[in-house]
Every structure is written in structure tokens, then in C-alpha cells.
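# Overview (structure and organization)
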Amino acid sequence: MSWEQTKFSFSPRSRGCYLVTDEVLKNLPQIKKYKVGMLNLFLQHTSCALSLNENWDPDVRTDMTTALNMICPDNGGGKCQFIHTDEGPDDMSGHVKSSLIGASLNIPISNGRLATGTWQGIWLLEFRDYRHTRHCVATINGLKE
Amino acid sequence: MSWEQTKFSFSPRSRGCYLVTDEVLKNLPQIKKYKVGMLNLFLQHTSCALSLNENWDPDVRTDMTTALNMICPDNGGGKCQFIHTDEGPDDMSGHVKSSLIGASLNIPISNGRLATGTWQGIWLLEFRDYRHTRHCVATINGLKE
Amino acid sequence: MSWEQTKFSFSPRSRGCYLVTDEVLKNLPQIKKYKVGMLNLFLQHTSCALSLNENWDPDVRTDMTTALNMICPDNGGGKCQFIHTDEGPDDMSGHVKSSLIGASLNIPISNGRLATGTWQGIWLLEFRDYRHTRHCVATINGLKE
């Protein structure tokens, strides 16, 4: 039975969806030692999110940004009126999207690998236009080989 | 302290929300042996999701599909334009809904039972019209009696 | 290696988003004893949710309610037609929002504290107008000092 916790950062990116599976795995080589367990990835921010989604066609990531901008437009897009607007039109919409998608992700570990499906990758979703460094706390709990 | 991981499949279903609590429990009889712990259910797919919601009135499940189709219509429903459309109008909308609801679910175990509330059941949300078999990785971690 | 599970209740509140970090910590003093671990907070209800979001400006919480009412209006808001309407216009919309945000939250523990970022707080999102007491199952798993 083992616990490991490590913190790493995602490099600054502007609004969009990014496939970060390789970046996550590079920072967490210890996953290979676990026969069974759970990985929790936790973003310490309120205007970005983590999700699992399609790892092949980059159009899906572009479309996801398009869809989220439709679901919660900047400044409410005339459909509702936000009060919290001092930090720009992408601020409150970013907070909404963060709660919709979620900042915390749980992925099972199986025989030294993440137990993701063939088409699943880890996405970082950035909701702010301005590039921010995003800090991630990774917690692994499981049985080593 | 014990870890168990097992994989099972949900039978193919067309677009809709399905109450699968009994199906999950039938595949995981070992839950009964845990005094305290956590169950993680993880779908290995990007156009379906798992959620906890109302376990009694089937109208709620019908309405959920209606609501999600309103929130992210197929092909953007004229409100936005998707690029990823080769696999049909329900493809990109399915990916969006999958990230909104989430493919991974954590449920506490208490005295051999899932610690869900009176009205909570486990839902499989299928976003594609065509029926797909959906694979689920179940990971249990906890203390046995 | 230690497991602890406890149940506490959030006092009844009407529709809105509430910062409950202090309330959660007051109910879980044992977090201080954990060097590393995970906290799972699990609501036993289907028309409220838990999320991590901005812990400073109360306008963000007001705006979140506004945004969610825009994304899934009561009774569908003329954009779709719900069947499950017997319990009031905020019933089905509450179920939808509950699945969008989620009833279960995982937060890493690091050196006796929740490993949240500077601006992150724990929110209880209540989707019903009528005030309900909300029960929460808190499960802690980790290594004590």
C-alpha cells in the first residue's frame, strides 16, 4: 500500500482544449510501479478544468471550446447579465465552465498504466484568454508490484 | 486494507439515460465485504457518462436527455458550428456531454453498501444513437470487515 | 494507512451558491492528522451539488446561479418541455444541474490541509427554492503523521 503526492505545472496556454496525457505521464513515472491504484489530478485554479475526452482528432478540441462558448458565452452573451466582470469578459464564463467540467479527475491505474480506453486522453481546458501557468497536485494511491 | 479492480460491460443501448444501480451491484458483490471504502466507476469511452441522479421516476431520465439535447444540440443546432461531423450529428454533441457530466464516478462504501441517499441511483448516460457496448473499470479500495 | 468516514449536514438554504469551506473543515478536524490523503465529499441528494470555485468575491456565486439558470432554465424556459413537473418548476432543472456539476468531490490532503489553491473554496450549490437539509458523507483515506 503506497501513497505518493507530487505537484507539477502545465505551461501557460491561451483559451482552448489541450491534450496533456504525455505531459502528465512524463511528470508521473511512478505510475509504472503500481499494480492497481487510483490517480487523482487536481487543478488549484477556478478558471480551467481537467477532463477525459477524444485523443485523436484535434477538431474535437476546437469544437469543445466552441461548444462551451455557446453554453456559457463571455459576459453572458446577452442571455444573462454577470456582475463579476472587472477581470474581463472571459472571467465569469471561465468560472462557470470550471464548475461544469470540474478541476479534479480520478483515473484508475491497472498494471502500471492508466486504465483509459483506446480513444481517451487527458485534456487541460483553459478558459482564460491570457496565458496562466496552471498548478496540478497529483495524488497516487495503490499497490505496488 | 484491500484493493480490487474488475472490468465489466454495460449492454448496448441507444441515446438515453439508464438506471444501472442493480447492474453495477450485480457485477460487484465484493462491496458487501467492505466496512468502509470508495468505489470508482470509470467508463473507457468519450461519448457516454456516469452520474448519480433520481432513481424513481423514469420521466426524470427522459427529461435529462431532453435537457442535454437543449444544452448541446446535435451539430450545434444552428447555435454554433462543429468541424468534427464525419461520424454523424450526435458525435461531437456526445463528446461535449461526456465532458459536462463526466466518465468517472466516486461513491463511498459504508458497512457493505454504497452510501447513496434514498433517491440516488447510478445512471449510465448514452449520447450516441447507435448502440455501443460500454466498458467500465470498477476500482474498490477500503477496509474489509 | 487510515480510513475515516463521517456524516454531517449542511443547514437548509434556498437556491444559490454557498461557500462552505469553513463549515466542512469544522466538521472534519481529523484532516489535520493526515500527512497525505484524499477527502471525498458526497451529497446524498439529486438537486444540489458540490464544486470548487472562487472563494473571495460573493458576486461570483450570484453569477453562477444566474448562469446555471440560463443554461438549464426552470421548466425548460420555453426551450424544451419537461415531463417531470409535479414538484415545481425548479425540480427537473435542479436534477439537470446536479448531474452537470456533480454530487461527489475529491480533494487531496497535503500536510494536514486540503491542497486547494489560493482562490479555491468548497461550494454547496442548492438548486431548489425550498430549503432542504443536505446530508454529506465525508470519507478520508490517507497516511497519518
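None of these values were measured; they are calculated from a predicted model. (Residues numbered from 1 in each chain as written. Chains lettered and ligands numbered in written order. Predicted model: local features only at pLDDT ≥ 70, side-chain atom pairs only at ≥ 80, totals over all residues. Heavy atoms only, no water.)

### What about the pattern of salt bridges?
Note the threshold: Each salt bridge in this description consists of a side-chain nitrogen of Lys or Arg and a carboxyl oxygen of Asp or Glu lying within 4 Å of one another. Only DSSP runs of H or I reaching four residues or more are called helices, and only runs of E reaching two or more are called strands; each is numbered from the N terminus. For each residue, the accessible area found with a 1.4 Å probe, counting protein chains only, is set against the maximum for its type, and the residue is called buried under 20%, exposed over 50%, and partly exposed in between.
Under the counting rule described, the total for this entry stands at 21 salt bridges over all chains. One salt bridge in this structure joins B:Glu4 and B:Lys144, with 3.4 Å as the shortest N-O distance. Taken together, the positions of B:Glu4 in strand β1 (residues 2–13) and B:Lys144 in strand β8 (residues 132–144) put the pair 140 residues apart, joining distant regions of the chain. Note on B:Glu4: relative accessible area 21%, which makes it partly exposed. A salt bridge links C:Arg128 to C:Asp91; its shortest N-O distance comes to 3.5 Å. Of this pair, C:Arg128 sits in the loop between β7 (120–126) and β8 (132–144) while C:Asp91 sits in helix α3 (residues 89–101); the two residues are 37 residues apart in sequence, bridging distant segments of the chain. Both residues of the pair, C:Arg128 and C:Asp91, belong to the buried class.

### Looking at the interface of chain A and chain B
Filter applied, for reference: When checking whether two residues touch, look at their non-hydrogen atoms; a contact exists if any pair is within 4.5 Å. Buried area: the accessible area, evaluated with a 1.4 Å probe, that two parts lose upon being put together, summed over both parts. Here a polar contact means two N or O atoms within 3.5 Å. Within protein one must be a hydrogen donor candidate and the other an acceptor candidate, and residues neighboring in sequence count only if both atoms are side-chain atoms.
Taken residue by residue, the interface counts 34 residues in chain A and 32 residues in chain B. Carbon and sulfur atoms make up 66% of the surface buried where chain A meets chain B, a total of about 2600 Å² over both sides. Taken together, the links from chain A to chain B amount to zero salt bridges. Our enumeration of links across chain A and chain B arrives at 12 residue pairs in polar contact (both at pLDDT 80 or more). Where the side of chain A that touches chain B is concerned, the elements lending two or more residues are β3 (34–43), β4 (48–54), α2 (58–71), α3 (89–101), β5 (104–110) and β8 (132–144) of chain A. Here the side of chain A that touches chain B gets 10 residues from one element, more than from any other, and that element is α2(A).

Note that every value here comes from positions in space, so none of it alone points to a role or purpose.
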